[in-house]
Every structure is written in structure tokens, then in C-alpha cells.
Amino acid sequence: MFSPTRRKVLKALLFGGTAIAAPSALYAAEYGRGEGMPWSPFRGQPPYHGTLEASFFTPAERATVAAICARLIPNDDGPGATEADVVTFLDRQMAGFYGRGQHWYMQGPFLEGTATQGYQSEHPPAQLYRHALVALDVYCRNTYEAGFAELSEDRQDAVLKGLDEEEITFAKVSAKTFFDLILKNTIEGFFADPIYGGNRDMVAWRYIGFPGTRYDYRDFVGHDGARIQLEPVSLMGRSGWNSP
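Within each chain, residues carry numbers counting from 1 in the order of the written sequence. With the structure being a predicted model, the display of local features is reserved for residues of pLDDT at least 70 and the display and counting of side-chain atom pairs for 80 or more, all residues being used for whole-chain, interface and lining totals. Based on all heavy atoms of the structure, the side-chain values leave hydrogens and waters out of the count.

Below, the discussion takes up the confidence of the model for the protein. As a per-residue quantity, pLDDT reports the predictor's confidence and falls between 0 and 100. On average, the protein scores 82 in pLDDT, and the residues at 70 or more come to 76%. A run of DSSP states H or I qualifies as a helix once it reaches four residues; a run of E qualifies as a strand once it reaches two. Both are numbered from the N-terminal end. Mean pLDDT per element in the protein: helix H1 (residues 6-15) is the minimum at 66, and helix H6 (residues 153-164) is the maximum at 98. Contacts are assigned to residue pairs that have any heavy atoms within 4.5 Å of one another. In the model, residues 18-34 has pLDDT below 50 throughout and makes 48 contacts with residues more than four positions away in sequence or in other chains.

Our next topic: the packing of helix H5 (residues 125-144) against H6. An axis is simply a line fitted to the C-alpha atoms; with a helix, the fit covers only the stretch in contact. Between two such axes, the angle follows the N-to-C directions and lies from 0 to 180 degrees. It is at 12 Å that the axes of H5 and H6 come closest, and there the two elements cross at 125 degrees. Compared by their axis directions, H5 and H6 come out oblique. Judged by the sense of rotation from one axis to the other, the crossing of H5 with H6 is right-handed. Contacts between H5 and H6 involve Leu 136, Tyr 139, Cys 140 and Tyr 144 from the first element and Arg 155, Val 159 and Leu 163 from the second. Polar here means any residue outside two lists: the nonpolar Ala, Val, Leu, Ile, Met, Phe, Trp, Tyr, Cys and Pro, and the charged Asp, Glu, Lys and Arg; Gly therefore counts as polar. In the contact of H5 with H6, the residues fall into six nonpolar, no polar and one charged. Any angle that is under 35 degrees is reported as roughly parallel, and any over 145 degrees as roughly antiparallel; angles of 65 to 115 degrees are reported as roughly perpendicular and all others as oblique. Handedness of a crossing follows from how the near helix is turned relative to the far one, being left-handed for an anticlockwise turn of less than a right angle and right-handed for a clockwise one.

Below, the discussion takes up the pattern of salt bridges. Between Lys or Arg on one side and Asp or Glu on the other, a salt bridge is scored when a side-chain nitrogen of the former is within 4 Å of a carboxyl oxygen of the latter. Using the criterion set out here, one finds 10 salt bridges in the structure. When the shortest N-O distance is used, the salt bridge between Glu 153 and Arg 71 registers 3.7 Å. In this pair, Glu 153 sits in helix H6 while Arg 71 sits in helix H2 (residues 59-72), placing the two residues 82 residues apart along the sequence. One salt bridge in this structure joins Lys 176 and Asp 180, with 3.2 Å as the shortest N-O distance. Highlighted residues: Lys 176 and Asp 180, both in helix H7 (residues 175-191), separated by four residues, approximately one helical turn. Each member of the salt-bridge network shares a partner with another, and the members are Arg 71, Glu 153 and Asp 157.

Another point: H6. The span one expects for a helix is its residue count, reduced by one, times 1.5 Å. Relative to the 16 Å expected for 12 residues at 1.5 Å per residue, H6 spans 16 Å between its end C-alpha atoms, a close match to the ideal helical length. All of the buried residues in H6 are Gln 156, Asp 157, Val 159, Leu 160, Gly 162 and Leu 163. Buried residues along H6 sit against H2, H5 and H7. At the exit of H6 stands Glu 166, carrying a positive phi of roughly 60 degrees. With a 1.4 Å probe rolled over the protein chains alone, any residue whose accessible area is under 20% of its type maximum counts as buried; one over 50% counts as exposed, and the rest are partly exposed.

Moving on, we come to the packing of H6 against H7. The geometry of H6 relative to H7 is characterised by a closest axis approach of 7 Å and an angle of 115 degrees between their N-to-C directions. As far as their axial angle goes, H7 and H6 are roughly perpendicular. On the side of H6, the interface is formed by Leu 160, Leu 163 and Asp 164, while H7 contributes Ala 175, Lys 176, Phe 179 and Asp 180. Partitioning the contact of H6 with H7 into residue classes produces four nonpolar, no polar and three charged.

Only centres within 6.5 Å qualify two rings of Phe, Tyr or Trp (six-membered ring in Trp) as a pair; their planes then separate them into stacked at under 30 degrees, edge-to-face at over 60, and tilted for everything else. For the structure shown, the criterion picks out six aromatic pairs. Where Phe 190 meets Phe 191, the ring centres are 5.1 Å apart and the plane angle is 80 degrees; that geometry is what we call edge-to-face. For Phe 191, a relative accessible area of 0% gives the class buried. Both rings, one in Trp 205 and one in Phe 210, keep their centres 5.3 Å apart while their planes meet at 80 degrees; by these two values the pair is edge-to-face.

This part is about the environment of Ser 174. Relative to the assigned elements, Ser 174 resides in the loop between H6 and H7. Given a relative accessible area of 34%, Ser 174 falls into the partly exposed group. The spacing of Ser 174 and Leu 128 is 46 residues in sequence and 8.5 Å in space, taken between C-alpha atoms. Throughout this description, a polar contact denotes any pair of N or O atoms lying within 3.5 Å of each other; where both atoms belong to protein, one of them has to be capable of donating a hydrogen while the other can accept it, and for residues adjacent in sequence the pair is counted only when both atoms sit in side chains. Within polar-contact distance, the side chain of Ser 174 engages the backbone nitrogen of Thr 177 at 3.0 Å.

Here we take up H7. With 17 residues, H7 extends 25 Å between its outermost C-alpha atoms, agreeing within 8% with the 24 Å of an ideal straight helix rising 1.5 Å per residue. With 12 of 17 residues buried, H7 is to be regarded as a mostly interior element. Residues of H7 that are buried: Ala 175, Phe 178, Phe 179, Leu 181, Ile 182, Asn 185, Thr 186, Ile 187, Glu 188, Gly 189, Phe 190 and Phe 191.

For the rest of this paragraph, the subject is the environment of Asn 75. One can find Asn 75 in the loop between H2 and helix H3 (86-95). We classify Asn 75 as partly exposed; its relative accessible area is 45%. What Asn 75 contacts, discounting residues up to four positions off in sequence, is Gly 80 and Glu 83. Of note is the side chain of Asn 75, whose polar atom sits 2.9 Å from the side chain of Glu 83.

See below:
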């Protein structure tokens, strides 16, 4: 579903300020979100949700989400969402405070809102995913007699286009809202630090030449636009930095 300038598009997403390398879903700690004391003396703040193994999707939901992600960022001329294991990132996020909408005001009233007002659904992300995935499965089986993950890539693309252009609608939730959210989350998972489950082995960073979360770049300030060949580094560091 990406144009021949896919590499340029992905670079623009990463370097253009989109919440990717540090996704918007991850900016705050699990503590302080209504789950226990926000601080303990003499202890570093523990990593927030998304860095540990967690699961929200059923096996069938996970297969559908993985198939959707694979079409949103395909592996046509480089690694895609499948190679980056984006579905694991999404699974962890839906299982955590982001999926619960824990740090959002969710008491209503719920109005349609404008495009600049962000997420407006009455359903927290995980609940929106769950309702939408059921509705998507019903639509695909009624239309093609198969679940989304079992469809050909052309048919999968046609379904996703229908969601995006509001030609396909769901009864309980907005199909367009679901499409917009899973597209945003897929991009976040593709470029996020591997500590959160996606961007496995930093494949997305390697693909676009992003050096990762290095301490600083003072040694390269005077590079005059020349390409800098640096291996990407994750928040987890790299093997050469860790004690045996």
C-alpha cells in the first residue's frame, strides 16, 4: 500500500516529529496512572508498561491484527511490520494503561469532535480494537466467506481502503476511527525502541539509517551533510556495552 518512495515516506515519519521513536502511548509511566504509589524512596522508577511481556489479543485477534499491520507497512522493498514484529508492540500496548485509556478523561459527553482534537471515541483503545475486530471478521466472512487474515493481499487492501474511505462501516464502533488508530499504532510500533516489543532487531532504524538512542552526536556536528554510518543503538544498549 506504499508508493515507490516508501523509504522517503518512512524517514519523513520518523524525523518529521511524528510520535514514533518515543510513541505517544509511552510517554508516561504506569505508576501515577491510578495503579499504586507513584514513587518509592531509594528506588529508580520501574519501566512503564510495554517493556514487559503482556498479552491482550486472542490468537484469532492477533492473527488479524498482524495481517492488517503487514498490509499497512508491507515488506515490498525492505522490512515491514511483520519483520518488525509490530503485533507484539500492539499486544503489549492494548494490555496496558494505554489500551485501557487509563490516563484519559473517559466519562463523556462524547461528541464527534474535529480532526485536530485527537482521539474522541467513547471506547478505550483496547475496547475499540476488540469491537472492531469482531465487526471486521463478520464483514469479511459475509463478503468473502473468510476471515481477514485468510484473504488475498488484494482483498485485504480493498477492505482496508474501504475502512479508510468510510465505505465500510460497523454497527457498534467507528470503522474509520479504528483504521486511523491501528495505522497510527502500527507506525509507532514499527519505529519504537525495541524495548517495547516492536522494531525487532532495530530493523526499521537500519532500513532508514537512523542511529537510534545514542548519547549525543557532538562528534558529527561538522559532517556537512555527509552520510554518517553508525550502527543503531537501543535503550537496552548493545552487546558491546554490556558486561559478559
